[in-house]
Amino acid sequence: MIEGPEIVTCAQMRAMESAAMGSGAISGLNLMTRAGRAVAGQIRLRWPVAGRATVLCGPGNNGGDGYVVAQALAQAGWSVRVLGGPPRPGSDAAAARARWQGDVHPLTVVALRAGPAPDLYVDAILGTGLTRPPEGEVAALLAHLAQADIPVVAVDGPSGLCLDSGQILGLPRGAPARDALRAALTVTFDSPRPGHLLEHGPAACGTLIVADIGLEPFRVLGPTLPRLTALWPRPAIPNRRPLAGHGPWLRKQQSAGGHKYDHGAALIVTGGPGAGGAARLAARAALRAGAGLVTLAPPQAAMAEHALPPDALMRRAIDDGPALAKALADRRAMALCLGPGGGVARMLALLPPACAAARPMVLDADALTALAQAPHPLPPSCVLTPHGGEFARLFPDLAQDLARPGGPGKVAVLRIAAQRIGAVVLLKGPDTVIAAPDGRAAIHSDAAIPWLATAGAGDVLAGLITGLLARGLPPFAATCLAVRLHGQAARQHGPGLIADDLVEALPAVIAAWR
Ligand SMILES: NC(=O)C1=CN([C@@H]2O[C@H](COP(=O)(O)OP(=O)(O)OC[C@H]3O[C@@H](n4cnc5c(N)ncnc54)[C@H](OP(=O)(O)O)[C@@H]3O)[C@@H](O)[C@H]2O)[C@@H](O)CC1
Ligand SMILES: Nc1ncnc2c1ncn2[C@@H]1O[C@H](COP(=O)(O)OP(=O)(O)O)[C@@H](O)[C@H]1O
Ligand SMILES: [K+]
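Computed from a predicted structure; not experimentally measured.

**Q** Any chance you could explain the nonpolar core here in plain terms?
**A** In globular proteins that are soluble, nonpolar side chains generally tend to be buried together. Counting 165 residues, the largest nonpolar core has Val69, Ala266, Ile268, Ala282 and Ala286 as the members making the most contacts within it. For this core, the leading source of residues is helix α18 (residues 475-493), giving 10 residues. Looking at which domains feed residues into this core, each of domain 1 (10-225) and domain 2 (262-512) gives three or more.

Encoded structure:
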């Protein structure tokens, strides 16, 4: 199942460009013209009254796109001022600059200040060719744009943003990007890049538009380049085929005659007395995801506190490893969730029989801490859902890579983690990244739902994944779909959300799912 539009790395984008040019079907200047015109078109859509634009063009092809934007805006009646660094002689950017009929001022702060204040800046200084943190005149220009109270339209990406990692080069990792350039609009080409969606990317890019420039037939994918998809945002890319949805499947319309056991069973292990809330949230979410039967498994000493509704939940006391092994000896299909509110000692006792049963399984919270303390081979259909702290306990070396400025980036790190541990790994945050052991990966990035950072939201997510596993989805697909449902429930509910609301929002989300 394809879960979202393809995300391509900068290297893949360059390979597509080379393949397109190598085919003889299209020249580099042609692609640049399409790219620049697409940006100008988006500007005219959003600023329909022609005004004054200052276009800043760097020395590479990003700058080349900028000259095309300048030309297209001028033709549409805008008053355009261009600042440009010298392009490499004979390059496409040099050809684009030669077509620009107006003046080109030096790409300096002095020249920028010498002109009248525009209605709009177009940032075409640096794109995918960024190789080092901006310094000197470029850094000064970017600081000027960041402080000016004038909207910035970024061509391909805001200059200084690494479009592979989402880091603003030169800014410490995780540091707020308060003083960095924040574009109002970013127009990129063909597909989103990882850096548009990760770390500083979403805040730096503003609204992200993906323009089709005819590279689709030259998509270079293959066994060595596993898929990376965008679960969110889901940019509408012109001329791209719509994705198949899970709506009818979620609503059980494809199995209308099914028995409850046809929709799978889930066993959600709870913690000891007073610690059952997290697992209850997970269990309710698993039921809402459509699992036919969901059983809560507290220790006997905590059974009484689970006597209250929802009555739809079954209860079964599980005190220790042998009791869990017995429950899992049931021949019916069953997915397992271990960790929410579980208590590390209890999880240490239950992990070995849980793994031995080889059921589809979600390990969250305390089960992850237990796994870090007592590493254990995992069964094939396993999903791990750490937040940053739990990830660092499980993969201390990879967590260091994540924290290192200029490091490999979240997607690469998660792919290593998933392959090493042999399970789907989901790293939570405003930019959630999911990776499978075979290299497939996905990003769900939504900084606009900060109210999702609330106690129990992660438990609901673990339950959703468990419910979808119980229904038979493979681990990577179940995790991607659960993350989308979870995000949509938060979006649809809005601020003031508590984790219980996520569960209650699910029916409306599923009813409208396409
Ligand atoms: N690929 C495609 O399919 C298409 C690509 N298109 C467009 O091409 C863009 C990529 O172009 P590109 O490769 O020429 O790189 P670009 O971003 O212009 O920068 C390179 C220049 O910047 C310099 N430089 C680097 N870092 C720097 C720093 N910190 N501070 C200062 N300078 C720095 C670097 O210098 P160097 O490192 O070589 O010394 C070099 O001179 C892409 O983003 C898109 O807009 C579209 O036209 C259509 C299809
Ligand atoms: N700033 C944020 N914006 C959007 N989603 C967020 C943000 N911070 C956290 N989340 C999401 O909220 C959930 C929190 O999960 P978790 O940290 O496990 O919480 P808990 O353990 O309390 O359930 C995850 O799905 C995560 O992706
Ligand atoms: K740019």
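Now that the structure has been shown, the text picks up again.
**Q** Just checking my understanding: could you explain the site of ligand 1 for this structure?
**A** Lining the immediate environment of ligand 1, one finds 28 residues, of which Glu17, Gly60, Asn61, Gly127 and Gly129 sit closest. Counting residues per element, the ones that place at least two in the shell around ligand 1 are α1 (10-22), α2 (28-46) and α3 (61-75). A per-element tally of the shell around ligand 1 places α3 first, with 5 residues.

**Q** Explanation requested: the site of ligand 2 in the structure shown.
**A** In the region of ligand 2, 17 residues are neighbours, and Lys428, Pro430, Leu452, Ala453 and Gly458 sit closest. Ranked by residues supplied to the shell around ligand 2, first place goes to helix α17 (residues 457-470) with 4 residues. In terms of residue class, the shell around ligand 2 is built from 9 nonpolar, 5 polar and 3 charged.

**Q** I keep staring at the environment of proline 226 and nothing clicks. Help me out?
**A** By the element assignment, proline 226 lies in the loop between β7 (207-211) and β8 (228-232). Along the chain, proline 226 and glycine 439 lie 213 residues apart, while their C-alpha atoms are 5.5 Å from each other. In this structure proline 226 touches Asp438, Gly439 and Arg440, once residues within four positions along its chain are discounted.

**Q** How do you make sense of the sheet that holds β7 when you look at a structure like this?
**A** Backbone hydrogen bonds are what pair the strands of a sheet, in a parallel or an antiparallel way. One open sheet accounts for 7 strands, arranged β3-β2-β1-β4-β5-β6-β7; its pairing is parallel. Either end of the sheet is taken by a strand with one partner, and the two such strands are β3 (105-106) and β7. Bridging between strand β2 (residues 79-84) and β3 involves 2 bridges; their strand directions are parallel. Looking at the pairing, glycine 84 lines up with proline 106 of β3.

Rules behind the numbers
- Residues numbered from 1 in each chain as written.
- Chains lettered and ligands numbered in written order.
- Predicted model: local features only at pLDDT ≥ 70, side-chain atom pairs only at ≥ 80, totals over all residues.
- Core = buried A, V, L, I, M, F, W, Y, C linked by C-beta atoms within 7 Å.
- Buried ≥ 20, exposed ≤ 12 C-beta atoms within 10 Å, placed from the backbone.
- Helix = DSSP H or I, 4+ residues; strand = E, 2+ residues; numbered from the N terminus.
- Domains from an automatic or database assignment.
- Near = placed C-beta within 6 Å.
- Nonpolar A, V, L, I, M, F, W, Y, C, P; charged D, E, K, R; others polar.
- Contact = placed C-beta atoms within 7 Å.
- Pairing = 2+ DSSP bridges.

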